[in-house]
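# Working through the structure, step by step
Chain by chain, the residues run as shown.
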Amino acid sequence: MDKEVLHISNGGSLTKRLKELDFQGEILTWQEMLCEGPTTFEIETDRFFDSRREYLAQTYDIEVDRAAYEHEVNKLDKPEQYSEIILWFEYDLFCHINMLAVITLLHQRKIELPLYLVCSGRIHGEADLKGLSELSTGQLMKHYDQKKLLNESDKELARTLWAIYCGKDHNLFKPYVVTPSSFEYMGSCLKAHLTRFPDSKTGLGVLETNILEIVKDNTIKSRHHLLGYALNYQGYYGYADIQFERIINKLSIFFDETDEAITLNRQGHEALLGIKNVSKDINNNTVYGGVKRLDFQFCQQHNKLIKRI
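### Quick look at the pattern of salt bridges
- The full count for this structure, using the stated rule, is 16 salt bridges.
- Its salt-bridge partner being Asp46, residue Arg66 comes within 3.0 Å of it at the nearest N-O pair. Taken together, the residues Arg66 in helix H3 (residues 66-73) and Asp46 in helix H2 (residues 46-60) connect sequence positions 20 residues apart.
- The class of Asp46 is partly exposed, set by a relative accessible area of 49%.
- Between Lys75 and Glu72 there is a salt bridge, with the nearest N and O atoms lying 3.1 Å from each other. The exposure classification of Lys75 matches that of Glu72, with both residues buried.

As structure tokens, this is what we get:
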């Protein structure tokens, strides 16, 4: 029997698209949000799954279906039936953290097959970065034809970065911001990760600062209107609706809201000016892999995370 290709997609929307385009082979859909919540280096353990299930339930009221998860991951049980594996992940932090986990999982399962990456981002002649599901059919096929074969140093880098993410010292990411690899957008994603911690002066992460500036500089009619702005102008994060809704809700102490508009109140203007550190007021103590967000602050002067006293 001829061996087939295993495609690992970054979510259900892309899986549907690949099927519509009649891509041959098996498709494993990776449905996770590992850029938030606790993680452990060893992925296929009860500890890993239980911590993820608890976090997603408490933070986003998402019920994780373990049977559905295992149905997908069990497609790795017989690697001998595959000729190669193709990873389909995008330019943003959301996708890159998931990708690091997938590459590490393949190593932990001792799967040694040719591993390719299809990664969208910059498109010639277009100003905005594009996700895979946003590409035209011609653009998607071109990306597929230009897929990159990951070498051993690429895979070792991915495992190293996953270990750092699951660990307690995220400053260890800093040297890898400029490390050359087949991951074109890795440096931008690592910088985005470090600056989502509270700024040491204002107490606002980059995303929080951006949302307050959107409210300050634009006519915002509702939280839904603000959500649209936040989604469209988030740079390298790749956050979903539910993540931004949570951030906006926590920032609402800085808003005056009426039926017609949302505007910054005095506290919001002072937060942007850095008159005081507002990280405790926002109280967004989510977990990023192995660290709690409020245990660290990002110092722009020294370009690193500092332990909060």
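### With respect to the pairing of strand E1 (residues 4-9)
- Taking burial as the measure, the six residues of E1 include five buried ones, the bulk of the element.
- Both E1 and strand E4 (residues 82-88) contribute to a ladder of six bridges, which runs parallel. When the sheet's bridge partners are listed, Ser9 is paired in E4 with Trp88.
- Here E1 pairs with strand E2 (residues 26-29) via four bridges, running parallel. By the bridge assignment, Ser9 is partnered in E2 with Thr29.
- Handedness of the β-α-β unit built from E1, helix H1 (residues 12-20) and E2 comes out right-handed.

### So, the sheet that holds E2
- Strand order in the open sheet formed by five strands is E2-E1-E4-E5-E6, and the pairing between neighbours is mixed. A strand with exactly one partner marks an edge of an open sheet, and here the two such strands are E2 and strand E6 (148-149).
- Sheet strands touched by helix H4 (residues 93-108): E1, E4 and strand E5 (115-118). Its angle to E4, the strand with the most contacts, is close to 160°.

### Quick word on the packing of aromatic side chains
- Scanning all chains against the criterion turns up 14 aromatic pairs.
- Ring centres of Trp88 and Tyr144 lie 5.8 Å apart, and the angle between their planes is 5°; on these two criteria the pair is classed as stacked. Highlighted residues: Trp88 in strand E4 and Tyr144 in helix H5 (residues 137-145), separated in sequence by 56 residues. Side by side, Trp88 and Tyr144 carry an identical accessibility label, which is buried.
- Plain terms: the ring middles of Phe197 and Tyr288 are 5.1 Å apart, the flat faces sit at 90° to each other, and that makes the pair edge-to-face. One end of the pair, Phe197, is in the loop between helix H7 (186-194) and helix H8 (206-217); the other, Tyr288, is in strand E9 (residues 287-289), with 91 residues separating them in the sequence. Judged on exposure class, the residue Phe197 and its partner Tyr288 are both buried.
- Connected via pairs of aromatic rings, a cluster forms that spans Phe23, Trp88 and Tyr144.
- Looking at Arg66, its charged tip hangs above the ring of Phe49, at a distance of 4.3 Å from the centre.
- Against the face of Tyr116 rests Lys147, its NZ or CZ located 5.5 Å from the ring centre.

### Some words on the sheet that holds strand E3 (residues 37-38)
- Ordered by their spatial adjacency, three strands build an open sheet running E3-E9-E10, and the pairing between neighbours is mixed. Only two strands of the sheet have a single neighbouring strand rather than two, namely E3 and strand E10 (291-292).

Reading the values: rules and limits
Residues numbered from 1 in each chain as written. Predicted model: local features only at pLDDT ≥ 70, side-chain atom pairs only at ≥ 80, totals over all residues. Heavy atoms only, no water. Salt bridge = Lys/Arg side-chain N within 4 Å of Asp/Glu carboxyl O. Helix = DSSP H or I, 4+ residues; strand = E, 2+ residues; numbered from the N terminus. Buried < 20%, exposed > 50% of the residue type's maximum accessible area, 1.4 Å probe, protein only. Pairing = 2+ DSSP bridges. Right-handed = clockwise from strand over helix to strand, strands pointing away. Contact = heavy atoms within 4.5 Å. Axes fitted to C-alpha atoms, helices over the stretch in contact; angles between N-to-C directions. Phe/Tyr/Trp six-rings, centres within 6.5 Å; stacked < 30°, edge-to-face > 60°. Lys NZ or Arg CZ within 6 Å of the ring centre and 35° of its normal.

By themselves, these figures tell us nothing about what the structure is for.
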